[in-house]
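# Topology and contacts: notes
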Amino acid sequence: MSFKQIFFLVPCLFMAIIINGQNFDLGKVSILELQEKVHPKDSSATAAILFEKGKNTFVYSPEKGFVMVTEIKTRIKIYKKEGYEWASKSIRFYSDNEAREKVSFSDAITYNLVDGKIEKTKLKSDGEFNEVVNKYWGEKKITMPNVKEGSVIEFKYTINSPRVSSAREWYFQNSIPVNYSEYANTVPEYFVYNVNIKGFIKPNVTVEKKSNSITLTSKQRTTVNRVTQTSFNDEKIEYVETKKTYIAENLPAMKEEPFVNNMGNYTGTLVQELAMTKYPGELMQTFATDWNSVAKTIYNYDEFGPELNKTGYFEQDLQKVIAGLSSTEDKITAILQFVKATVKWNDYYGYSCNDGVRQAYNKKSGNVAEINLMLTAMLRHAGLTANPVLISTRSNGIALFPNRTAFNYVIAAVEDGQNLILLDATDAFSAPNILPVRDLNWFGRLIRKDGSSIEVDLMPKQTANDVISMNYSVDDQGEVLGKLRRQRTDHHAMLFRSAVTGTKEDAYLEKFENDNNNIEVSGYERINEVALKLPVIETLSFKGANFSEKVGDAIYIKPLLSFSTNVNPFKQEIREYPIDFAFPFMDKYVVNVQVPNGYKIESYPETAVISMEDGLATFKFLTSLTDNTVQILVSCQINVPIIPADYYSALKEFFQKMIDKQNEKIVLKKI
């Protein structure tokens, strides 16, 4: 077997990691660790990772070549009942064909302090489970026994993988504090990796080189005088490995903050991708060198590009759909609606087809790739310039550098002159350039037929409106009686349609009444729920006794009733992450308040306008008085989908001023 053949038994190599530094070992739990009641640096922590050590090595076998062996040792302290979830661990593994990975747990023990002595409870076989995720992936799980407040748990797991191209990320941080994180990586000289560290931490990195070798055994047969003899020749190949060690200590918990698309984007994480191979005596072969090469590689996959060329299964049906349509807009709308009505999403992500577009069409069910590649093919067949767009969903995180695993989703795009119209047929309520929120994750990559690609901005430019008009009167007891009309457009409309689909009107109204100070609703009507080009409109009549406060001969009432914002979502003093609203929006209120007979308006909120610098946000509170009616116009407009963290203090102040103004009251005085 040749040297090249041995290395190509696996597509590429993941860096191994060997750690220097502190000598953490399993089985060395101390009484002090068990006695600890709260985390010394975060008293709110429900649990903490006391240490986590990873070691990645490569074992060579003549049959499989190099196999990646990843070994992880973990010790976790449980402080509160809410931290019991950390007593379970699950590892996903690839389960298809010869590339199947194997996961095994060992040294899994729960430690408790009982009468001043350490009590050990080992994991038994009934605490270990294998589950099927889908046809390609499985999951190995353990649930630790005898876990209590104060327990310390330990376990080790090993992953044997021939898929050395699939470099598993190493998370230095987590949603609980991490006292010590250590990961080591050893790479033979024949492989070059792109290495990036996400987040705001900077682990200590040490680098050293060492020699290693493999022995190749070849078999040779010779025949002399009709006698065949077999001889074996060993060839020792020496090479240099680069060992990198990453260590980080005293890492704070990654706590959820409002309007963050994915905390994983900012969690300290080691990410790696094979860039090239340099075999001795061979030309250098590049892999993920730039986004164009990544996109072209994906386009050439059998489960991607060739699926776009299959059209026979839909041609006859499509002709009926677009018959008589001439404009690009009409064709796009009709084809999008046809695909959404014909093939339902099975909730599987991915940019590669599982069963293929033809089978998905016949089964009326498919994954993301099958649906949106089918959509792209139909748009092309209708004479439009349509191409697929690779994206990473919000749950998958932002792609940091060129690599094939950065994407997990594909949508369609139509080029109409200078305009790019983005489409996703997996969501029943999506529309042209109104994508599901899961898609709105910064940038995607459009791939054309010739393999070229361009970056695509996924973030919406059009403002989604939510406009509420209210006319109500206040009686001498402070009870309100009025009518409301609410109109939602674009993403506001899409989210509302998704939220109410399948919900009975009675259930919806009951929740609406409970959420709005036990308001009583009558005469409810909703229109345009399925007419996606039109705004969703609700109208209703209401009355309620819980919107005002009567003190002596005065009535105090907030003009927006229960629609005002009461709590500032931004509580942190400092924020390192961008504020992600997903789409620009405007919330607007037009309110007319009629004063009861026998009362006069003693005071009402004054007009105010608040703006953020660079036109990022504007709040208006405009008031006027006509006879016995207070007229109020309120609008809050966020003009960009993402606001950089540099503006956090200004945004926090903007929201607080807006909340304070919204909660100012009209004061009615008895005459």
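Residues numbered from 1 in each chain as written. Predicted model: local features only at pLDDT ≥ 70, side-chain atom pairs only at ≥ 80, totals over all residues. Heavy atoms only, no water.

### Some thoughts on the confidence of the model for the protein
Interpretation of this model should avoid reading the predicted coordinates in detail wherever pLDDT is low. What counts, and what does not: The predictor's confidence in any single residue is recorded as pLDDT, a number from 0 to 100. We call two residues in contact when some of their heavy atoms are within 4.5 Å.
Per-residue confidence for the protein gives a mean pLDDT of 91; residues scoring 70 or more make up 94%. In the model, residues 1-22 has pLDDT below 50 throughout and makes 104 contacts with residues more than four positions away in sequence or in other chains.

### Focus on the sheet that holds strand β3 (residues 88-94)
Our working definition: Two strands are counted as paired when DSSP detects at least two bridges linking them. Comment: elements are numbered from the N terminus, with helices defined as DSSP H or I runs of at least four residues and strands as E runs of at least two. Axis definition: a line fitted to C-alpha atoms, limited for helices to the stretch in contact. Angles are taken between N-to-C directions and run from 0 to 180 degrees.
Here three strands make up an open sheet; going across it, the order is β3-β7-β6 and the pairing antiparallel. The open sheet has two edge strands, β3 and β6 (128-132), and neither has a second partner. When strand polarity is set aside, the average angle formed by the axes of neighbouring strands in this sheet is 20°.

### Quick look at the environment of N292
As for its placement among the helices and strands, N292 is situated in helix α3 (residues 291-299). Residues N292 and R445, spaced 153 residues apart in sequence, show a C-alpha to C-alpha distance of 8.7 Å. If we ignore the near neighbours within four places in the chain, the residues touching N292 are R445, G451, S452 and S453.

### Thoughts on the environment of Q359
Along the polypeptide, Q359 turns up in helix α7 (residues 357-363). Between the C-alpha atom of Q359 and that of E370, which follows or precedes it by eleven residues, the distance is 9.0 Å.

### What to know about the sheet that holds strand β30 (residues 585-594)
Sheets are built from strands paired through backbone hydrogen bonds, the pairs being either parallel or antiparallel. Pairing is mixed across the open sheet formed by eight strands, whose spatial order is β25-β26-β24-β23-β30-β34-β33-β32. What marks the edges here is a single partner per strand, and that holds for β25 (520-527) and β32 (608-611). Shown here is a sheet whose adjacent strand axes are inclined to one another by a mean of 10°, direction ignored. Relative to strand β34 (residues 629-638), strand β33 (residues 617-626) is paired through ten bridges, and the arrangement is antiparallel. Note on β34: the bridge partner recorded for K620 is S635. Each of β25 and β26 (536-544) is contacted by helix α10 (residues 505-515), which is oriented at about 125° to β25, the strand it contacts most. Sitting on the sheet, helix α11 (residues 648-662) is in contact with β32, β33 and β34, with an inclination near 15° to β33.

### Describing the UniProt feature "domain: Transglutaminase-like" (unreviewed entry) in the protein
For the record, the criterion: UniProt positions are given in the numbering used here, feature names are shortened, and annotations may be inferred rather than shown by experiment.
With numbering aligned to this structure, UniProt lists the feature "domain: Transglutaminase-like" (unreviewed entry) at residues 319-392. The straight-line gap between the two end C-alpha atoms of residues 319-392 is 33 Å; of that span, 54% is helix and 14% is strand.

### Quick word on the pattern of salt bridges
In plain terms, the rule: Here a salt bridge means any side-chain nitrogen of Lys or Arg lying within 4 Å of a carboxyl oxygen belonging to Asp or Glu.
In this structure the tally under the stated criterion is 28 salt bridges. Ionic pairing is found between E238 and K236, a salt bridge with its closest N-O pair at 3.9 Å. Because the salt bridges share partners, they merge into one network encompassing E33, R75 and E154.

### Quick look at the pairing of β33
Two elements, β32 and β33, share four bridges in a ladder whose sense is antiparallel. Its bridge partner lying in β33, I610 is registered against F619. Between β32 and the antiparallel strand that follows it, β33, lie five residues; D614 among them carries a positive phi value of about 60°. What sits between the antiparallel neighbours β33 and β34 is a turn of two residues, in which D627 has the positive phi angle 50°.

### A look at the packing of aromatic side chains
The line we're drawing: Only Phe, Tyr and Trp rings are paired, with Trp represented by its six-membered ring, and only when their centres lie within 6.5 Å; those with planes under 30 degrees apart are stacked, over 60 edge-to-face, the remainder tilted. Relative accessibility under 20% of the residue-type maximum defines a buried residue, over 50% an exposed one, and the middle range a partly exposed one, all with a 1.4 Å probe and only protein chains included. Put simply, a charge is over a ring when the Lys NZ or the Arg CZ is close to the ring centre, within 6 Å, and near the line of the ring normal, within 35 degrees.
A complete count under the given rule lists 28 aromatic pairs for this structure. Between F24 and F51 the ring centres are 4.9 Å apart and the planes differ by 20°, which places this aromatic pair in the stacked class. Highlighted residues: F24 in the loop between α1 (3-7) and α2 (31-35) and F51 in strand β1 (residues 47-61), separated in sequence by 27 residues. Given the relative accessible area of 17%, F24 is considered buried. Residue classification places F51 among the buried positions, given a relative accessible area of 1%. Aromatic rings pair up to connect F259, F570, F581, F585, Y648, F654 and F655 into one cluster. Over the ring of F496 we find R488, and its NZ or CZ is 4.0 Å from the ring centre.

### Quick notes on unusual backbone geometry
A positive phi angle, near 50°, is found at D107, a position not held by glycine. Looking at where D107 falls in the secondary structure, it is placed in strand β4 (residues 102-114). What makes D107 partly exposed here is its relative accessible area of 41%. Positive phi, normally seen in glycine, also occurs at N433, with a value near 65°. Position of N433 among the secondary structure elements: in the loop between β20 (419-423) and β21 (443-447).

### Focus on the packing of helix α6 (residues 328-342) against helix α8 (residues 368-381)
Rules: For any helix crossing, the convention is left-handed if the near helix is rotated counterclockwise from the far helix by under a right angle, and right-handed if that rotation is clockwise. Put simply, Ala, Val, Leu, Ile, Met, Phe, Trp, Tyr, Cys and Pro go in the nonpolar bin, Asp, Glu, Lys and Arg in the charged bin, and everything else, Gly too, in the polar bin.
Two elements in contact, α6 and α8, have axes whose closest approach is 10 Å; the angle formed by their N-to-C orientations is 145°. Considering how the two elements wind past one another, α6 and α8 form a crossing that is right-handed. Contact with α6, carried on its side by I332, I335, L336, F338 and V339, involves I371, L375, M378 and L379 of α8 and no other residues of that element. A class-by-class count of the residues in the contact of α6 with α8 yields nine nonpolar, no polar and no charged.

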